[in-house]
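# Chain and residue survey
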Amino acid sequence: MVQTAARTAIALGSNIGNSLAIFTGALETLAQTSGISIQAQSHWYRTKAIGPTQPDYLNGCAILSVQISPQALLAQLLTIEQKFGRVRQEHWGPRTLDLDLLLYDDLILQQPNLQIPHPRMAERAFVLVPLAEIAPDWIDPISQRVIQDLLLEINTNDVHLF
Ligand SMILES: Nc1ncnc2c1ncn2[C@@H]1O[C@H](COP(=O)(O)OP(=O)(O)OP(=O)(O)O)[C@@H](O)[C@H]1O
Ligand SMILES: Nc1nc2c(c(=O)[nH]1)N=C(CO)CN2
(Lines give C-alpha, C1' and ligand atoms only; values in the text may rest on other atoms or scores of the structure.)
(Ligands and ions follow the chains in the order given, each with its own letter.)
Protein backbone atom coordinates (compact mmCIF):
# COMPACT_ATOMS: atom_id res chain seq x y z
CA MET A 1 0.00 0.00 0.00
CA VAL A 2 1.32 3.47 -0.84
CA GLN A 3 0.91 5.95 2.02
CA THR A 4 0.14 9.53 0.99
CA ALA A 5 2.65 12.15 2.03
CA ALA A 6 2.25 14.06 5.29
CA ARG A 7 3.86 17.38 6.15
CA THR A 8 5.74 17.31 9.44
CA ALA A 9 7.84 19.74 11.46
CA ILE A 10 10.79 18.73 13.62
CA ALA A 11 13.01 20.64 16.05
CA LEU A 12 16.75 20.13 16.39
CA GLY A 13 18.75 20.95 19.52
CA SER A 14 22.37 20.41 20.54
CA ASN A 15 24.75 21.77 23.17
CA ILE A 16 27.57 19.21 23.23
CA GLY A 17 30.16 18.71 20.49
CA ASN A 18 30.24 20.34 17.08
CA SER A 19 26.53 21.15 16.97
CA LEU A 20 26.68 22.57 13.45
CA ALA A 21 28.28 19.43 12.04
CA ILE A 22 25.86 17.26 14.04
CA PHE A 23 22.84 19.08 12.56
CA THR A 24 24.26 18.76 9.05
CA GLY A 25 24.84 15.04 9.59
CA ALA A 26 21.39 14.51 11.09
CA LEU A 27 19.66 16.23 8.15
CA GLU A 28 21.76 14.24 5.67
CA THR A 29 20.75 11.04 7.42
CA LEU A 30 17.08 12.04 7.34
CA ALA A 31 17.31 12.94 3.65
CA GLN A 32 18.75 9.50 2.89
CA THR A 33 15.95 7.71 4.73
CA SER A 34 13.32 6.01 2.62
CA GLY A 35 9.96 7.77 2.93
CA ILE A 36 11.43 11.09 4.15
CA SER A 37 12.35 14.19 2.19
CA ILE A 38 13.40 17.58 3.55
CA GLN A 39 11.27 20.47 2.32
CA ALA A 40 12.77 23.38 4.27
CA GLN A 41 15.21 24.13 7.05
CA SER A 42 15.47 27.21 9.23
CA HIS A 43 18.54 29.19 10.11
CA TRP A 44 20.32 27.99 13.24
CA TYR A 45 19.97 29.96 16.49
CA ARG A 46 22.13 30.22 19.59
CA THR A 47 19.77 29.99 22.57
CA LYS A 48 20.09 30.19 26.34
CA ALA A 49 19.45 26.79 27.94
CA ILE A 50 16.10 26.18 29.63
CA GLY A 51 16.48 23.83 32.62
CA PRO A 52 19.62 22.95 34.58
CA THR A 53 22.68 25.18 34.19
CA GLN A 54 24.45 24.07 31.00
CA PRO A 55 26.02 25.57 27.85
CA ASP A 56 23.96 27.50 25.30
CA TYR A 57 22.18 25.44 22.66
CA LEU A 58 22.13 25.52 18.90
CA ASN A 59 18.50 25.16 17.80
CA GLY A 60 16.61 25.04 14.53
CA CYS A 61 13.67 23.44 12.75
CA ALA A 62 12.98 21.57 9.53
CA ILE A 63 9.89 20.71 7.51
CA LEU A 64 9.76 17.17 6.18
CA SER A 65 7.49 15.43 3.72
CA VAL A 66 7.05 11.87 5.02
CA GLN A 67 5.39 8.73 3.79
CA ILE A 68 5.75 6.98 7.12
CA SER A 69 3.56 6.98 10.24
CA PRO A 70 4.18 9.27 13.25
CA GLN A 71 5.48 6.29 15.26
CA ALA A 72 7.83 5.24 12.46
CA LEU A 73 9.10 8.81 12.20
CA LEU A 74 9.69 9.01 15.97
CA ALA A 75 11.62 5.72 15.82
CA GLN A 76 13.76 7.15 13.03
CA LEU A 77 14.44 10.35 15.01
CA LEU A 78 15.47 8.34 18.08
CA THR A 79 17.79 6.19 15.94
CA ILE A 80 19.47 9.30 14.53
CA GLU A 81 19.87 10.75 18.06
CA GLN A 82 21.69 7.52 18.99
CA LYS A 83 23.86 7.69 15.87
CA PHE A 84 25.11 11.09 16.98
CA GLY A 85 26.00 9.89 20.44
CA ARG A 86 22.96 10.93 22.46
CA VAL A 87 23.18 9.67 26.05
CA ARG A 88 20.11 10.12 28.24
CA GLN A 89 21.13 11.36 31.67
CA GLU A 90 19.73 14.37 33.49
CA HIS A 91 16.19 15.57 32.71
CA TRP A 92 16.54 18.48 30.27
CA GLY A 93 20.32 18.04 30.57
CA PRO A 94 22.98 18.67 27.91
CA ARG A 95 22.93 16.56 24.75
CA THR A 96 24.72 16.08 21.43
CA LEU A 97 21.43 15.87 19.55
CA ASP A 98 17.75 16.21 20.40
CA LEU A 99 15.17 15.66 17.65
CA ASP A 100 11.57 16.44 18.56
CA LEU A 101 8.52 15.78 16.42
CA LEU A 102 6.51 19.00 16.61
CA LEU A 103 3.64 18.69 14.11
CA TYR A 104 2.32 16.03 11.74
CA ASP A 105 -0.27 17.55 9.38
CA ASP A 106 -3.16 18.62 11.64
CA LEU A 107 -2.95 15.48 13.75
CA ILE A 108 -3.52 15.42 17.51
CA LEU A 109 -2.01 12.28 19.03
CA GLN A 110 -1.85 11.35 22.71
CA GLN A 111 0.02 8.08 23.08
CA PRO A 112 2.22 7.08 26.02
CA ASN A 113 5.46 7.48 24.04
CA LEU A 114 4.37 10.15 21.56
CA GLN A 115 2.35 13.32 21.88
CA ILE A 116 1.69 15.51 18.82
CA PRO A 117 1.80 18.49 18.74
CA HIS A 118 4.86 18.41 20.98
CA PRO A 119 3.39 19.37 24.37
CA ARG A 120 5.90 22.12 25.19
CA MET A 121 6.21 23.56 21.69
CA ALA A 122 4.03 26.65 22.18
CA GLU A 123 5.99 27.91 25.21
CA ARG A 124 9.49 27.53 23.71
CA ALA A 125 11.06 30.47 21.92
CA PHE A 126 13.91 28.19 20.80
CA VAL A 127 11.27 26.22 18.84
CA LEU A 128 8.84 28.93 17.70
CA VAL A 129 11.44 31.39 16.36
CA PRO A 130 12.93 28.94 13.82
CA LEU A 131 9.55 27.31 13.13
CA ALA A 132 7.92 30.67 12.36
CA GLU A 133 10.66 31.28 9.81
CA ILE A 134 9.70 28.22 7.70
CA ALA A 135 6.04 27.59 8.66
CA PRO A 136 4.49 30.88 9.88
CA ASP A 137 0.96 29.95 8.74
CA TRP A 138 0.83 26.39 10.07
CA ILE A 139 -2.16 26.12 12.43
CA ASP A 140 -1.40 24.52 15.78
CA PRO A 141 -4.30 22.02 16.06
CA ILE A 142 -4.49 22.46 19.85
CA SER A 143 -4.86 26.25 20.08
CA GLN A 144 -6.10 26.70 16.49
CA ARG A 145 -3.65 29.58 16.18
CA VAL A 146 -0.93 30.02 13.57
CA ILE A 147 2.71 29.69 14.60
CA GLN A 148 3.52 33.35 13.95
CA ASP A 149 0.75 34.36 16.39
CA LEU A 150 1.96 31.94 19.09
CA LEU A 151 5.36 33.57 18.77
CA LEU A 152 3.90 36.98 19.66
CA GLU A 153 2.95 35.64 23.12
CA ILE A 154 6.44 34.67 24.28
CA ASN A 155 9.75 36.30 25.12
CA THR A 156 12.41 35.77 22.43
CA ASN A 157 15.27 37.71 24.08
CA ASP A 158 17.41 34.58 24.56
CA VAL A 159 17.27 33.45 20.92
CA HIS A 160 19.90 34.86 18.55
CA LEU A 161 20.67 34.09 14.93
CA PHE A 162 23.88 31.97 14.90
N1 LIG B 1 6.47 14.82 19.99
C2 LIG B 1 7.49 14.13 20.48
N3 LIG B 1 8.72 14.21 19.91
C4 LIG B 1 9.77 13.52 20.42
N5 LIG B 1 9.70 12.70 21.49
C6 LIG B 1 8.50 12.57 22.08
C7 LIG B 1 7.35 13.28 21.61
N8 LIG B 1 6.28 12.96 22.40
C9 LIG B 1 6.74 12.10 23.31
N10 LIG B 1 8.06 11.86 23.14
C11 LIG B 1 8.84 10.95 23.97
O12 LIG B 1 9.75 11.68 24.76
C13 LIG B 1 10.79 10.79 25.07
C14 LIG B 1 11.92 11.50 25.74
O15 LIG B 1 12.37 12.51 24.91
P16 LIG B 1 13.62 13.37 25.32
O17 LIG B 1 14.50 12.62 26.26
O18 LIG B 1 14.26 13.85 24.04
O19 LIG B 1 12.93 14.57 26.10
P20 LIG B 1 13.60 15.93 26.32
O21 LIG B 1 14.06 16.43 24.98
O22 LIG B 1 14.66 15.83 27.39
O23 LIG B 1 12.45 16.87 26.86
P24 LIG B 1 11.30 17.56 26.04
O25 LIG B 1 10.35 16.47 25.65
O26 LIG B 1 10.74 18.54 27.02
O27 LIG B 1 11.93 18.24 24.84
C28 LIG B 1 11.06 10.12 23.74
O29 LIG B 1 11.72 8.88 23.89
C30 LIG B 1 9.66 9.97 23.17
O31 LIG B 1 9.13 8.67 23.42
N1 LIG C 1 17.72 26.54 24.77
C2 LIG C 1 17.32 25.27 24.88
N3 LIG C 1 17.03 24.77 26.09
C4 LIG C 1 16.63 23.48 26.18
C5 LIG C 1 16.51 22.67 25.03
C6 LIG C 1 16.84 23.23 23.78
O7 LIG C 1 16.77 22.56 22.72
N8 LIG C 1 17.23 24.53 23.73
N9 LIG C 1 16.08 21.39 25.15
C10 LIG C 1 15.71 20.92 26.32
C11 LIG C 1 15.12 19.57 26.42
O12 LIG C 1 14.47 19.21 25.29
C13 LIG C 1 15.87 21.65 27.56
N14 LIG C 1 16.33 22.98 27.39
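Residues numbered from 1 in each chain as written. Chains lettered and ligands numbered in written order. Predicted model: local features only at pLDDT ≥ 70, side-chain atom pairs only at ≥ 80, totals over all residues. Heavy atoms only, no water.

The name an unreviewed UniProt entry gives the chain is 2-amino-4-hydroxy-6-hydroxymethyldihydropteridine diphosphokinase, with Dolichospermum heterosporum TAC447 as the organism. What UniProt records for the chain under Pathway (unreviewed entry) is the sentence "Cofactor biosynthesis; tetrahydrofolate biosynthesis; 2-amino-4-hydroxy-6-hydroxymethyl-7,8-dihydropteridine diphosphate from 7,8-dihydroneopterin triphosphate: step 4/4." Annotation of the chain in UniProt includes, under Catalytic activity (unreviewed entry), the sentence "6-hydroxymethyl-7,8-dihydropterin + ATP = (7,8-dihydropterin-6-yl)methyl diphosphate + AMP + H(+)". (UniProt positions renumbered as here; feature names shortened; annotations may be inferred.)

Those residues carrying the UniProt feature "domain: 7,8-dihydro-6-hydroxymethylpterin-pyrophosphokinase" (unreviewed entry) are residues 91-102 in this numbering. Within residues 91-102, the helical portion is 0% and the strand portion 42%, while the C-alpha atoms at the span's ends are 19 Å from each other. (Helix = DSSP H or I, 4+ residues; strand = E, 2+ residues; numbered from the N terminus.)

Let us now look at the pairing of strand β1 (residues 6-14). Two faces make up the sheet, and in a regular strand the side chains alternate between them. In terms of burial, β1 is largely enclosed, as eight of its nine residues are buried. In this sheet, strand β4 (residues 57-66) lies alongside β1 in antiparallel orientation, the contact comprising nine bridges. Following the sheet pairing, Gly 13 is matched in β4 by Asn 59. When β1 meets strand β5 (residues 98-104), the two strands line up antiparallel, connected through six bridges. Paired with Ala 9 across the bridge in β5 is Leu 103. (Buried < 20%, exposed > 50% of the residue type's maximum accessible area, 1.4 Å probe, protein only. Pairing = 2+ DSSP bridges.)

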